[in-house]
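Inside the fold
What follows is each chain in one-letter form.
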Amino acid sequence: MARRRKGLPVHGWLIFDKPKGMTSTQAVTRLRHLYGAQKAGHAGTLDPLATGVLPVAFGEATKTVPFAVEGNKQYCFTVRFGAATDTDDAEGAIVARSDVRPTRADIEAALPRFVGEISQVPPRYSALKVGGSRAYDLARDDQDFELAPRRALIESLELIGMPDPDRCVIEAACGKGTYVRALARDLGVALGSLAHVTELRRTRVGPFAEEAAISLAKLEELGHSAAGRDALLGVLKPVQTALDDIPALAVSGQDAARLKRGQPVLLRGRDAPILKGPVYATSRGSLVAVGEVSQGELRPTRVFNLPG
């Protein structure tokens, strides 16, 4: 007999404004407890130093996490020149110094070199696995290892400020797998200096934007309000929010039942949509499945069990 999962069936996405000093895992644990939810996960890790948009999925929304993770991301970050750290951010120990301070013109001239598909060596303090161990664990144990360069897509970089000669503020739009800390480190080297990130805020992950992000303090306030649980549920986004980049397809109740059993359905009739590739299917406004359309047939890859 299967063991019953603790908690309540909560389904949907929360656009959480993660505070500084909290890990992404700690954030999910805290929010799962606040909502009393059976299941929760996040889309796209944020370092403890970082703040901003951390999409948190509850219940059936966890099945759409891969789609959210694939979405483009936007950041605003501060780079400090003159020092390199072992973590490539302000939380690490300084390992080298430089007297060189690039000018605004120097920085603006260098940024285009990092736009497009580039090669990055990830920070040593990262969650990547090396021989079965996390890189950050090996780095903390002072073990000798190397991380292979990875491809990263940077869509845009814009210098938006220079508070003083030591620091600059940059906005970036980039694809999955980009390390902002590595970007700052490499920018410093390209400018004949050294550099690391001192502040980092994520402002967007796919369809999840900073404008709709909710702080922990606000969530706790809602939880203690008269509306309580209903108020907390009221700020969740629908499960299909993470699927905004793929087409939607309405199906009949009969076809919905087939999809939920993992069976394919034919897209019949002269009014059948001409689709190919990933789609999500709904019936009476409720999400039923995500699947692939090929040769007029929809084959489900993930099915959803949402209250109708």
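Residues numbered from 1 in each chain as written. Predicted model: local features only at pLDDT ≥ 70, side-chain atom pairs only at ≥ 80, totals over all residues. Heavy atoms only, no water.

**Focus on the packing of aromatic side chains**
To keep things clear, this is the line we draw: Side-chain rings of Phe, Tyr and Trp (the six-membered ring for Trp) are treated as a pair once their centres are within 6.5 Å; stacked means planes under 30 degrees apart, edge-to-face means over 60, and tilted covers the remaining angles. Numbered from the N terminus, helices here are DSSP runs of H or I no shorter than four residues, and strands are runs of E no shorter than two. Note on classification: 1.4 Å probe, protein chains only; a residue is buried when its accessible area is under 20% of the maximum for its type, exposed when over 50%, partly exposed between these limits. In this scheme, the term charge over a ring applies when either NZ of a lysine or CZ of an arginine sits within 6 Å of the ring centre and within 35 degrees of the ring normal.
Enumeration according to the criterion identifies 2 aromatic pairs in this entry. The interplanar angle of 40 degrees and the centroid separation of 4.8 Å between the aromatic rings of Tyr 35 and Phe 58 together place this pair among those described as tilted. Taken together, the residues Tyr 35 in helix 1 (residues 24-35) and Phe 58 in strand 3 (residues 51-58) connect sequence positions 23 residues apart. Like Phe 58, Tyr 35 is buried. A cation over an aromatic ring shows up here: Lys 63 above the ring of Phe 304, its NZ or CZ 5.7 Å from the ring centre. In this structure, Arg 124 packs its charged tip against the face of Phe 145, placed 4.1 Å from the ring centre.

**Thoughts on the environment of Leu 222**
Positionally, Leu 222 belongs in helix 6 (residues 216-223). Residue Leu 222 is classed as buried on the basis of its relative accessible area, which comes to 15%. Through-space distance from the C-alpha of Leu 222 to that of Tyr 125 is 36 Å; in sequence the pair is 97 residues apart.

**Comments concerning the pattern of salt bridges**
Short version of the rule: We define a salt bridge as a side-chain nitrogen of Lys or Arg found within 4 Å of a carboxyl oxygen belonging to Asp or Glu.
Tallied over the full model, the rule gives 16 salt bridges. Across the pair Asp 164 and Arg 167 runs a salt bridge, and its minimum N-O distance is 2.8 Å. Residue classification places Asp 164 among the partly exposed positions, given a relative accessible area of 25%. Using a relative accessible area of 22% as the deciding quantity, one classes Arg 167 as partly exposed. Here Lys 218 and Glu 221 are joined by a salt bridge, their closest N and O atoms 3.7 Å apart.

**Focus on the sheet that holds strand 19 (residues 297-303)**
Heads up, the rule is: When DSSP finds two or more bridges between a pair of strands, those strands are recorded as paired.
Strand order in the open sheet made by the 5 strands is 15-17-18-19-16, with mixed pairing throughout. Of all strands in the sheet, those with a lone pairing partner are strand 15 (248-250) and strand 16 (265-266), marking the two edges. Bridge analysis of strand 17 (residues 277-283) against strand 18 (residues 286-294) gives 7 bridges, and the strand direction is antiparallel. Bridged to Gly 277 within strand 18 is Val 293.

**Some words on the nonpolar core**
For the record, the criterion: Take the buried Ala, Val, Leu, Ile, Met, Phe, Trp, Tyr and Cys residues and link them wherever side-chain atoms come within 4.5 Å; each set so joined is a nonpolar core. Two residues form a contact once any of their heavy atoms are found within 4.5 Å.
The biggest cluster of nonpolar side chains holds 47 residues, and the ones touching the most others in it are Leu 14, Phe 16, Tyr 35, Phe 58, Phe 77 and Ile 170. Discounting chain neighbours no more than four positions away, the residues touching Phe 16 are Met 22, Ala 27, Leu 31, Gly 52, Val 53, Leu 54, Val 56, Ala 213, Ile 214, Ser 215, Leu 216 and Leu 219. The next biggest cluster of nonpolar side chains, apart from the first, holds 21 residues, and it includes Phe 208, Ala 213, Leu 287 and Leu 306.

**Topic: helix 6**
Applicable threshold: Taken from the helix axis, the directions to the C-beta atoms give the arc we talk about.
Of the positions making up helix 6, those classed as buried are Leu 216, Leu 219 and Leu 222. Considered in projection along helix 6, the buried side chains sweep an arc of 120 degrees and stay on one side of the axis.

**What about the environment of Lys 20?**
The topology assignment puts Lys 20 in the loop between strand 1 (12-18) and helix 1. Expressed as a C-alpha distance, the spacing of Lys 20 and Pro 48, which sit 28 residues apart in the sequence, is 5.9 Å. Not counting the four nearest positions on each side in its chain, Lys 20 is found in contact with Pro 48, Leu 49, Ala 50 and Thr 51.

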